[in-house]
Amino acid sequence: MRKRTALVTGGVGGIGSAICKDFLENGYTVIANYYPAEEKHAQEWLKKHQSGHEGRVFIVPGDVADFDSCVKMAEIIKKDHDFVDTLINCAGVTRDKTLRKMEPDMWNLVINIDLTGVYNVTKQFIDGMHDNEFGRIINISSVNGQKGQFGQTNYSAAKAGVHGFTMALAQEMSRKNVTVNTISPGYVETDMTVGQMNAEILDKIVGHVPMGRMARPEEVSYAVLALCDERASYISGTNLGVNGGFFMSF
Ligand code: CAA
């Protein structure tokens, strides 16, 4: 089996951590990106995830919304790792409000991190995948990018845009054995939902999920791992929902 190295943006967050854990358990070398202001949390995360995986797990700072910061992040990574063959664009934020109350900073922050961030990071590693004629890119979108969500014009637009990016890049890279796919989770048990949403609103939304519950982060990471497998070589440009049937219920 080929040696695999994965970069996971937002790797120390809720879904990102589950993805890193699954990759580590499956023999990958894992580089977890974190927002520079979260250094302390990232160091604690590293300590927790190193045990049993010494020499295979790394953290790297980088603001995905800032192109120059991504250039620096890639320079750091390329010093120690020959080739990042697996890129998971997972960093994302929400700033929910109805459009009437949504200020430009709330719009710009979400677009810059959730959509432009995918360009900023992918741009650093795409030449390596092209030249090595192998790669797996997974962009984490959302069911709310597929169906829209009240109070999320910014996030729904960014996440829908992510899948457009996926489909275009999948066409550009197919002849080089680089697959590009989107995974669109539903509501997942993470700080972005349980930690930040009004509990009553969240309960109401989850009440419409056919499975009647939120996803566990590892249910999303399983899908990521499967699409990154070498055997998933003919799956490209697709959008895989991991939503407990929520999207079809609309
Ligand atoms: N559908 C229809 N009407 C609604 C509504 C809904 N879902 N929610 C609220 N309203 C109504 C309100 O009752 C209110 O009506 P009145 O003007 O008659 O009083 C009106 O719409 C405006 O409501 P608010 O003043 O409360 O709106 P707001 O601008 O303050 O925003 C909100 C409220 C923060 C958006 C809140 O509705 C909310 O949290 N919604 C859920 C957003 C959500 O699902 N976020 C997901 C975060 S997790 C994530 O994004 C991860 C992922 O990928 C799934």
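Attention now goes to the overall build of the protein. Helix and strand counts for the protein come out as 9 helices and 7 strands. Each principal axis of the C-alpha distribution contributes one length, and for the protein these read about 45 × 40 × 35 Å. Considering only contacts in the protein between residues 6 or more positions apart, those separated by 24 or more positions represent 77%. Roughly 12500 Å² of accessible area belongs to the protein as shown, and the carbon and sulfur atoms make up 52% of that amount. A gap of 3 Å separates the mean positions of the 25 positive and 29 negative side-chain charges of the protein.

Our focus in this paragraph is the packing of aromatic side chains. What the rule picks out here adds up to 3 aromatic pairs. Centre to centre, the rings of phenylalanine 23 and tyrosine 28 are 4.3 Å apart; their planes meet at 35 degrees, and the pair counts as tilted. Judged by relative accessible area, which is 4%, tyrosine 28 ranks as buried. Here the aromatic rings of tyrosine 187 and phenylalanine 246 are separated by 6.0 Å at their centres, their planes lie at 80 degrees, and the arrangement is edge-to-face. Of this pair, tyrosine 187 sits in the loop between strand 6 (178–185) and helix 7 (191–195) while phenylalanine 246 sits in the segment after strand 7 (239–242), and the two are 59 residues apart along the sequence. When its relative accessible area of 10% is taken as the criterion, tyrosine 187 is described as buried. Residue phenylalanine 246 is classed as buried on the basis of its relative accessible area, which comes to 2%. Over the aromatic face of phenylalanine 134 sits the side chain of arginine 2, whose NZ or CZ is 3.8 Å from the ring centroid. Cation over ring: lysine 78 sits above phenylalanine 125, and NZ or CZ is 5.4 Å from the ring centre.

In this section: helix 9 (residues 217–228). The terminal C-alpha atoms of helix 9 lie 17 Å apart, and with 12 residues this matches the ideal 16 Å at 1.5 Å per residue to within 8%. Those residues of helix 9 that fall on the buried side of the exposure criterion are Pro217, Val220, Ser221, Ala223, Val224, Leu225, Leu227 and Cys228. For helix 9, the secondary structure elements touched by its buried residues are helix 1 (14–25), strand 4 (86–89), strand 5 (135–140), strand 6 and strand 7.

Not every one of the 19 residues close to the ligand is listed here, only the nearest: Asp96, Thr98, Lys101, Ser142 and Tyr187. Within the side chain of aspartate 96, an N or O atom sits 2.7 Å from a nitrogen atom of the ligand. For the ligand, an oxygen atom lies 2.9 Å from a polar atom in the side chain of glutamine 152. Contact with the protein chains removes 59% of the 1100 Å² of surface that the ligand exposes when unbound. Looking at the shell around the ligand, the elements with two or more residues in it are helix 7 and helix 8 (199–206).

Residues spaced three or four apart along an α-helix face the same direction, because each turn holds 3.6 residues. The terminal C-alpha atoms of helix 2 (residues 39–50) lie 16 Å apart, and with 12 residues this matches the ideal 16 Å at 1.5 Å per residue to within 8%. Listed in full, the buried residues belonging to helix 2 are Ala42, Trp45, Leu46 and His49. Buried residues in helix 2, looked at end-on, bunch into an arc of 105 degrees, giving them a common side. Across helix 2 from its buried face, at more than 90 degrees, point the exposed residues Lys40, Lys47 and Lys48. Taken together, the buried residues of helix 2 touch helix 1, strand 2 (29–34) and strand 3 (57–61). Two residues or fewer past helix 2, glycine 52 is found with a positive phi of approximately 85 degrees.

This paragraph deals with the nonpolar core. Generally speaking, a soluble globular protein has its nonpolar side chains buried in company with each other. Core analysis: the largest hydrophobic core is formed by 31 residues, its most contacted members being Ile19, Phe23, Ile88, Ile183 and Val224. Of all elements in the fold, only strand 1 (5–8), helix 1, strand 2, helix 2, strand 3, strand 5 and helix 9 reach the threshold of two or more residues within this core. With 6 residues, the top contributor of residues to this core is helix 9. Residues in contact with isoleucine 88, not counting those within four places in the same chain, are Leu7, Val8, Thr9, Ile19, Phe23, Ile138, Ile140, Val224 and Cys228. Ranked by size, the runner-up nonpolar core spans 28 residues in total, among them Ile31, Val64, Val110 and Phe125.

This part covers the side chain of serine 221. Relative to the elements of secondary structure, serine 221 occurs in helix 9. Residue class for serine 221 comes out buried when judged on its relative accessible area of 1%. When sequence neighbours within four positions are dropped, the list of residues in contact with serine 221 reads Ala18, Ile19 and Asp22.

Procedures and definitions
Residues numbered from 1 in each chain as written. Predicted model: local features only at pLDDT ≥ 70, side-chain atom pairs only at ≥ 80, totals over all residues. Heavy atoms only, no water. Helix = DSSP H or I, 4+ residues; strand = E, 2+ residues; numbered from the N terminus. Contact = heavy atoms within 4.5 Å. Areas by Shrake-Rupley, 256 points an atom, 1.4 Å probe, with all protein chains shown as cover. Lys, Arg positive; Asp, Glu negative; His and termini not counted. Charge placed at Lys NZ, Arg CZ, Asp CG, Glu CD. Phe/Tyr/Trp six-rings, centres within 6.5 Å; stacked < 30°, edge-to-face > 60°. Buried < 20%, exposed > 50% of the residue type's maximum accessible area, 1.4 Å probe, protein only. Lys NZ or Arg CZ within 6 Å of the ring centre and 35° of its normal. Expected span 1.5 Å × (residues − 1). Near = heavy atom within 4 Å. Polar contact = N/O pair within 3.5 Å; in protein donor to acceptor, adjacent residues only side chain to side chain. Arc of directions from axis to C-beta. Core = buried A, V, L, I, M, F, W, Y, C linked by side-chain atoms within 4.5 Å.

In short, the description is geometric, and any link to function would need to be established separately.
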